[in-house]
Amino acid sequence: KSYRKIDEELFEDLEEVLIMADIGVDTSLKIIENVKDKVRERKITEVDDIKGLIKEEMKSILKGGENSKLDFSKSPSIVLVVGVNGAGKTTTIGKLSSRLKNEGKKVLIAAGDTFRAAAIEQLQEWSNRSGVDIIAHSEGADPAAVIFDGIQSAKAKGIDVLICDTAGRLHNKVNLMNELNKIFRIVEREFPEAKKEVLLVVDATTGQNAVQQAKVFKEACDITGIVLTKLDGTAKGGVVLAVQSEINVPVKLVGVGEKLEDLQDFDPDEFVDAIFEG
Amino acid sequence: MVFEGLASKLQDTLDKLKSKGRLTEKDVDTAMREVKMALLEADVNFRVVKDFIKKVKERAIGQDVMGSLTPAQQVIKIVNEELTELMGKEESKINFASSPPTVIMMCGLQGAGKTTTSGKLGGLFKKKGKRPLLVACDVYRPAAIKQLEVVGEKLDIPVFSMGDKVDPVNIAKAGVEHGKKNGNDLIIIDTAGRLHIDDELMDELGNIKSEVQPQEILLVVDSMTGQDAVSVAETFDEKLDVNGVVLTKLDGDARGGAALSIKAVTGKPIKFIGMGEKLDQLEVFYPERMSSRILGM
Ligand SMILES: Nc1nc2c(ncn2[C@@H]2O[C@H](COP(=O)(O)OP(=O)(O)OP(=O)(O)O)[C@@H](O)[C@H]2O)c(=O)[nH]1
Ligand SMILES: Nc1nc2c(ncn2[C@@H]2O[C@H](COP(=O)(O)OP(=O)(O)OP(=O)(O)O)[C@@H](O)[C@H]2O)c(=O)[nH]1
Ligand SMILES: [K+]
Ligand SMILES: [Mg+2]
Ligand SMILES: [Mg+2]
């Protein structure tokens, strides 16, 4: 569509693009308002400049947070992977462990999902694929005990990075969030010397509910980053902009498929450009 | 609740207008802005919202504000009626084959809840006297077959599998043969999660369909899905002509606007809802209950 002038119709169409990308009404309107201000301040008259301004606005939200890169230079490190059901936690752990192993790190994974049918076997298969060791108990065991064992084993073996799987849980389930908080406290108590990352895995097809997910998970286990999975689909994952502007937790990794190598560092420029493609 | 109730917002908005007698275009416009926001915040698809608002506006303008109803109540009533109309009025059942077995095929994006729902459906109909068989056609996801086997064991329902080295189309066919031979009158085929834009895997589903001719093809959709629900549902429906939808994870606090979007673009009914991870947490879907949830009222 080509526009002759900067008018309400143009902004309405841009708003549609943002909302269709799951950025949400509030954040979308905020972005548009800021762009309108800039148009006035900078006396912009060229329609072609507007898209650039919108992108600039979005990138500044995404780059706002500090520490947006995963950093495993410190050994030992521990990564706790959390999120709602089916988001892609276990798969992400498979991919991440392989990547870290290829970087020469000694990696151990802990099968902290003792609840879902065959969750342990699923992680075991990923440990075979990536060639890293796994600590697992049996189905129905106490997840906190698995994580405890993982930590002791990581210490004994001089592991660089311990990555812990957890069962999927909806954030409105109080008892399950308490269970997660207990796991988090065990990590703090038993492994204070480790650098800690708590990654919330968010499926890119998720709509506005991800904001609430991030808030509640942050309270329960102080998430330090987001992994945005399934970006290989047609969903844009724009809700992370709303998450970022509300609780300021950066996206650190993206999942782009089901294979071992389908994990990338988050690139705000690429991400924002993709929202305006196709 | 994350959002302020729409009802009270509408009340405030319309009370300010102090409209008497009839709803004017201006009253309705102001109210519709709130409704639009509420629907978008609930993840109803942008285009669906646009159409919906247009329809409600047309109906609401010029309406009498009758007796005890305030303008706000009047608008809410119209919104609710139109929403219920869109969602469908009554619950939809599973089509059973006139001569058994009935074959149900599950499909959907990765992680939506297909395997869990396969088990839940088996369990539900087993309780009603059917003899279900679960067929493991996900040969891709690590431990997918094992997952279905564990689910089957918990429910005491047999699971047919041929490992992960056989073409899923052949597994489906052999599964149905196996079920026929063993007197299973309900055969539920679990398939791998796939993206709607993955042509190869979408063709695989098409081939399973032509091979086993299921009575029911159910699209499993996560209730937390955002704007993309429309293109996902449209593509699965175009490819497979699905019979209905299962909306999962409604035990969460997502408003579930995807339900409305999917119904609006495909016309296919939502048949069941997933209300938890446990295998008995599957319920029949009642459309009118969904309207108030989506509106946050
Ligand atoms: N297309 C695509 N699929 C993915 C991606 N990441 C994960 N998946 C798939 O999503 C589904 C769910 O992934 P899991 O890793 O089991 O998710 P989870 O969060 O561990 O699930 P629960 O433990 O059941 O809560 C699987 O079919 C994965 O193969 C991704 O980046 N792209
Ligand atoms: N809370 C809740 N969790 C659910 C529901 N349905 C499924 N789940 C969970 O969602 C996750 C994914 O479920 P699966 O049945 O493995 O999903 P799937 O579609 O078979 O996944 P893939 O085969 O990987 O594509 C699991 O953790 C399930 O326990 C539900 O209604 N409520
Ligand atoms: K995408
Ligand atoms: Mg998992
Ligand atoms: Mg499955």
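On a predicted model such as this, the values are computed, not experimentally measured, just so you know.

What counts, and where the lines are drawn
- Residues numbered from 1 in each chain as written.
- Chains lettered and ligands numbered in written order.
- Predicted model: local features only at pLDDT ≥ 70, side-chain atom pairs only at ≥ 80, totals over all residues.
- Heavy atoms only, no water.
- Salt bridge = Lys/Arg side-chain N within 4 Å of Asp/Glu carboxyl O.
- Helix = DSSP H or I, 4+ residues; strand = E, 2+ residues; numbered from the N terminus.
- Buried < 20%, exposed > 50% of the residue type's maximum accessible area, 1.4 Å probe, protein only.
- Axes fitted to C-alpha atoms, helices over the stretch in contact; angles between N-to-C directions.
- Parallel < 35°, antiparallel > 145°, perpendicular 65-115°, else oblique.
- Left-handed = near helix turned anticlockwise from the far one by under 90°.
- Contact = heavy atoms within 4.5 Å.
- Nonpolar A, V, L, I, M, F, W, Y, C, P; charged D, E, K, R; others polar.
- Near = heavy atom within 4 Å.
- Polar contact = N/O pair within 3.5 Å; in protein donor to acceptor, adjacent residues only side chain to side chain.
- Areas by Shrake-Rupley, 256 points an atom, 1.4 Å probe, with all protein chains shown as cover.
- Pairing = 2+ DSSP bridges.
- Right-handed = clockwise from strand over helix to strand, strands pointing away.
- Donors = N, O, S within 2.8 Å, 3.2 Å for Na, K, Ca; no water.

**Things to note about the pattern of salt bridges**
Residues and elements named next belong to chain A.
Thought 1: On inspection of all chains with the given rule, the structure shows 39 salt bridges over all chains.
Thought 2: Asp37 is the salt-bridge partner of Arg40, the closest N and O atoms lying 3.3 Å from each other. A residue pair is termed a helical-turn pair when its members lie 3 or 4 positions apart in one helix, as Arg40 and Asp37 do in helix α2 (residues 25–41) at 3 residues.
Thought 3: One salt bridge in this structure joins Lys59 and Asp269, with 3.6 Å as the shortest N-O distance. Of this pair, Lys59 sits in helix α3 (residues 48–63) while Asp269 sits in helix α10 (residues 268–275), and the two are 210 residues apart along the sequence.
Thought 4: Its relative accessible area of 16% is what places Lys59 among the buried residues.
Thought 5: Ionic contacts of the salt-bridge type, sharing partners, join the residues Lys55, Lys59, Lys63, Asp269 and Asp273 into one network.

**Concerning the packing of helix α3 (residues 46–60) of chain B against helix α4 (residues 71–87) of chain B**
Residue and element names in this part refer to chain B.
Thought 1: Relative to each other, α3 and α4 sit at 130 degrees, their axes nearing to 10 Å. Classed by the angle they form, the pair α3 and α4 counts as oblique. Classified by chirality, the crossing of α4 by α3 is right-handed. Contacts between α3 and α4 involve Phe52, Lys55, Val56, Arg59 and Ala60 from the former and Ile78, Val79, Glu81, Glu82, Leu83 and Leu86 from the latter.
Thought 2: Grouping the amino acids of the contact of α3 with α4 by side-chain chemistry returns 7 nonpolar, no polar and 4 charged.

**Topic: the site of ligand 1**
Thought 1: In the region of ligand 1, 24 residues are neighbours, and Gly88(A), Lys89(A), Thr90(A), Thr91(A) and Glu258(A) sit closest.
Thought 2: More than one chain approaches ligand 1, the contributing ones being chains A and B.
Thought 3: Within the side chain of Gln110(B), an N or O atom sits 3.5 Å from a nitrogen atom of ligand 1.
Thought 4: Protein chains bury 97% of the 650 Å² of accessible surface belonging to ligand 1 in isolation.
Thought 5: Among the elements that take part in the shell around ligand 1, helix α4 (residues 89–102) of chain A stands out by supplying 4 residues, more than any other.

**Observations regarding the pairing of strand β6 (residues 244–248) of chain B**
All names here are of chain B.
Thought 1: Summarising burial for β6: 5 of the 5 residues are buried, a large majority.
Thought 2: The alternating pattern of β6 places Gly244, Val246 and Thr248 on one face and Val245 and Leu247 on the opposite face, and all of these are buried.
Thought 3: As paired strands, strand β5 (residues 216–222) and β6 are joined by 5 bridges and run parallel to one another. What sits directly across from Asp222, in β6, is Thr248.
Thought 4: Note that β6 and strand β7 (residues 270–274) share 3 bridges and pair parallel. Paired with Val245 across the bridge in β7 is Ile270.
Thought 5: Each parallel crossover has a hand, and for β6 linked through helix α10 (residues 257–266) to β7 it is right-handed.

**Focus: the site of ligand 2**
Thought 1: Taken together, the neighbourhood of ligand 2 is formed by 23 residues, with Gly113(B), Lys114(B), Thr115(B), Thr116(B) and Arg141(B) sitting nearest.
Thought 2: Looking at what sits near ligand 2, you find residues from chains A and B.
Thought 3: Between an oxygen atom of ligand 2 and a main-chain N or O atom of Ala112(B), the distance comes to 3.2 Å.
Thought 4: Between ligand 2 and the protein, one listed contact pairs an oxygen atom with a side-chain N or O atom of Glu277(B) at 3.0 Å.
Thought 5: Across the complex, the protein chains shield 96% of the 650 Å² of accessible surface that ligand 2 would expose by itself.
Thought 6: No other element matches helix α5 (residues 114–127) of chain B, which puts 4 residues into the shell around ligand 2.
Thought 7: Partitioning the shell around ligand 2 into residue classes produces 4 nonpolar, 11 polar and 8 charged.

**Some remarks on the coordination of the potassium ion (ligand 3)**
All names here are of chain A.
Thought 1: The potassium ion (ligand 3) binds to the protein through Leu231 (O), Gly233 (O) and Ala235 (O), with metal-donor distances spanning 2.4 to 2.7 Å.
Thought 2: Between consecutive donor residues of the potassium ion (ligand 3), the sequence gaps follow L-x1-G-x1-A.
Thought 3: Judged by its relative accessible area of 18%, Gly233 falls in the buried class.
Thought 4: Among the residues examined, Ala235 registers a relative accessible area of 4% and is labelled buried.

**A closer look at the side chain of Gln110(B)**
Thought 1: Its location among the elements puts Gln110(B) in the loop between β1 (102–107) and α5.
Thought 2: Among residues more than four places away in sequence, those in contact with Gln110(B) are Gly86(A), Asp203(A), Lys230(A), Glu258(A), Gly193(B), Arg194(B) and Leu195(B).

**Quick word on the sheet that holds strand β5 (residues 195–203) of chain A**
All names here are of chain A.
Thought 1: Strand order in this open sheet of 8 strands is β3-β2-β4-β1-β5-β6-β7-β8, and the pairing throughout is mixed. Since the sheet does not close on itself, it has two edges, and those belong to β3 (133–135) and β8 (263–265), each with one partner. Taken over all neighbouring pairs, the strand axes of this sheet differ in orientation by 25 degrees on average, direction set aside.
Thought 2: Taken together, the 4 bridges between strand β1 (residues 77–82) and strand β4 (residues 161–166) define a ladder with parallel strand orientation. Across the sheet, the residue bridging to Ser77 is Val161, located in β4.

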